[in-house]
Amino acid sequence: MKSNTANAGTADLHMHSTASDGTLSPSELAACAKKAGLRAAALTDHDTLSGLREFCFACERLGIEPVPGIEIGAKFKCELHIVGLFVDYKNREFAHITEELSKARAKRNYKMIDLLREGGINITAEDILSQKRDGDMNLCGRAHFAAALVKKGYAADTDDAFARYIGRGGPFYAPRKIYPPKETIEIIKNAGGLAIAAHPIFISRVRGELEELFNELKSYGLDGVECYYSTYDDEFSKMCLDICKKLDLAPSGGSDFHGANKPNIPIGAVNGGAAVPYGVVEGLKERLKK
């Protein structure tokens, strides 16, 4: 993934802060991006725009190109996430929708606490909030539940917590309000953003299945696919790139950095330690003009 001199530099277009389930504040994340030598960086917190103003300001101060983003779950036959890039976080309608999603997240969180307690697991809202620097149940995710379960000795590590307790389909998992893919994509595009299918490796590794999925999502307005990601190998990355070329979708990518909540994922690192070339950002900007 070498870039030519015209597109010199690297990017990370999928990162999280304390505004959702990361452990660095938006400004700390920008500083970390600077230290990693990134030319462009995107904050893509779950269902919220609350960290974007701070992040964009910090990036600009540090000489990094900020890409305002978001990650939104979509109601589908499997877990499907859509990343929005270059969104207008000052858009009032967009802000209202994300605020409603955050409230729905809080409602789900309290439901999961009830389920855990009914199952004999002594977890309280305070236990969950203690795992988050900026305590707000609207912005807590399952990563905070996992950390609390580990701290209280119910799980060996966060992977164990998800596998045994709170993973999708697990005994204490509770769904939250989410929109179908078509509406999710429309929400992002109505806010001036690009809609990107996030980490499809968690959906399928079969080319035919992914091509069918991307083609369906394209009919709803999908703009691109994460072709670079922290857990990809080069073979899977190349397959995604080939499908994007065939379907006229734009490649994107990022680490899915969460800080201490995913300690094995460094900022800016994809495909086993490589980086997303800045040319990807330029390609996405071209897509915005269409």
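Residues numbered from 1 in each chain as written. Predicted model: local features only at pLDDT ≥ 70, side-chain atom pairs only at ≥ 80, totals over all residues. Heavy atoms only, no water.

**Quick notes on the overall build of the protein**
- For the protein, the count of helices and strands is ten helices and eight strands.
- In terms of overall dimensions, the protein has a C-alpha envelope of 55 × 45 × 40 Å along the principal axes.
- A burial count over the protein gives 56% of its 290 residues as buried.
- Taking the intrachain contacts of the protein between residues at least 6 apart in sequence as the baseline, contacts between residues at least 24 apart amount to 74%. (Helix = DSSP H or I, 4+ residues; strand = E, 2+ residues; numbered from the N terminus. Buried < 20%, exposed > 50% of the residue type's maximum accessible area, 1.4 Å probe, protein only. Contact = heavy atoms within 4.5 Å.)

**Observations regarding unusual backbone geometry**
- Phi is positive for H199, close to 25°, though the residue is something other than glycine.
- The topology assignment puts H199 in the loop between β5 (194-197) and α8 (207-219).
- For H199, a relative accessible area of 8% translates into the label buried.

**Side note on the UniProt feature "domain: Polymerase/histidinol phosphatase N-terminal" (unreviewed entry) in the protein**
- As annotated by UniProt and renumbered to match this structure, "domain: Polymerase/histidinol phosphatase N-terminal" (unreviewed entry) occupies residues 11-76.
- Across residues 11-76, helical content stands at 32% and strand content at 24%; the span's end C-alpha atoms are separated by 29 Å. (UniProt positions renumbered as here; feature names shortened; annotations may be inferred.)

**Brief notes about the sheet that holds strand β4 (residues 80-85)**
- Ordered in space as β7-β6-β5-β4-β3-β2-β1-β8, the eight strands form an open sheet in which the pairing is mixed. Here the strands that pair on one side only, and so sit at the sheet edges, are β7 (250-254) and β8 (276-277).
- Where strand β2 (residues 40-43) and strand β3 (residues 65-74) come together, four bridges link them in parallel fashion. Following the sheet pairing, A42 is matched in β3 by V67. (Pairing = 2+ DSSP bridges.)

**Focus: the nonpolar core**
- Counting 68 residues, the largest nonpolar core has L13, F55, L85, F214, L222, V225 and L284 as the members making the most contacts within it.
- Among the elements that make up this core, the one with the highest residue count is helix α9 (residues 234-247) (six residues).
- With residues near it in sequence (within four places) discarded, L85 still touches L13, A42, T44, V67, P68, G69, G193, L194, I196, S252 and L284.
- The next biggest cluster of nonpolar side chains, apart from the first, holds 21 residues, and it includes M112, A148, A161 and A174. (Core = buried A, V, L, I, M, F, W, Y, C linked by side-chain atoms within 4.5 Å.)

**Overview of the side chain of T98**
- Along the polypeptide, T98 turns up in helix α3 (residues 92-118).
- Excluding anything up to four places from it in sequence, T98 contacts D47, T48, L49 and I70.

**Quick notes on the environment of S17**
- In this structure, S17 sits in the loop between β1 (10-12) and α1 (26-35).
- Judged by relative accessible area, which is 0%, S17 ranks as buried.
- When residues no more than four places from it in sequence are discounted, the contact partners of S17 are G22, L24, S25, P26, L29, L43 and D45.
- A polar side-chain atom of S17 sits 2.7 Å from a polar atom in the side chain of D45. (Polar contact = N/O pair within 3.5 Å; in protein donor to acceptor, adjacent residues only side chain to side chain.)

**Details of the packing of aromatic side chains**
- Inspection of the entire model under this criterion finds four aromatic pairs.
- Consider the rings of Y232 and F236, whose centres lie 4.7 Å apart with planes at 65°: the pair is edge-to-face.
- Under the relative-accessibility criterion, F236 is labelled buried at 5%.
- Ring-pair connections join several aromatic residues into one group, and the members of that group are F202, Y229, Y232 and F236.
- Of note, R39 hangs over the ring of Y278, and the distance from its end group to the ring centre comes to 3.7 Å. (Phe/Tyr/Trp six-rings, centres within 6.5 Å; stacked < 30°, edge-to-face > 60°. Lys NZ or Arg CZ within 6 Å of the ring centre and 35° of its normal.)

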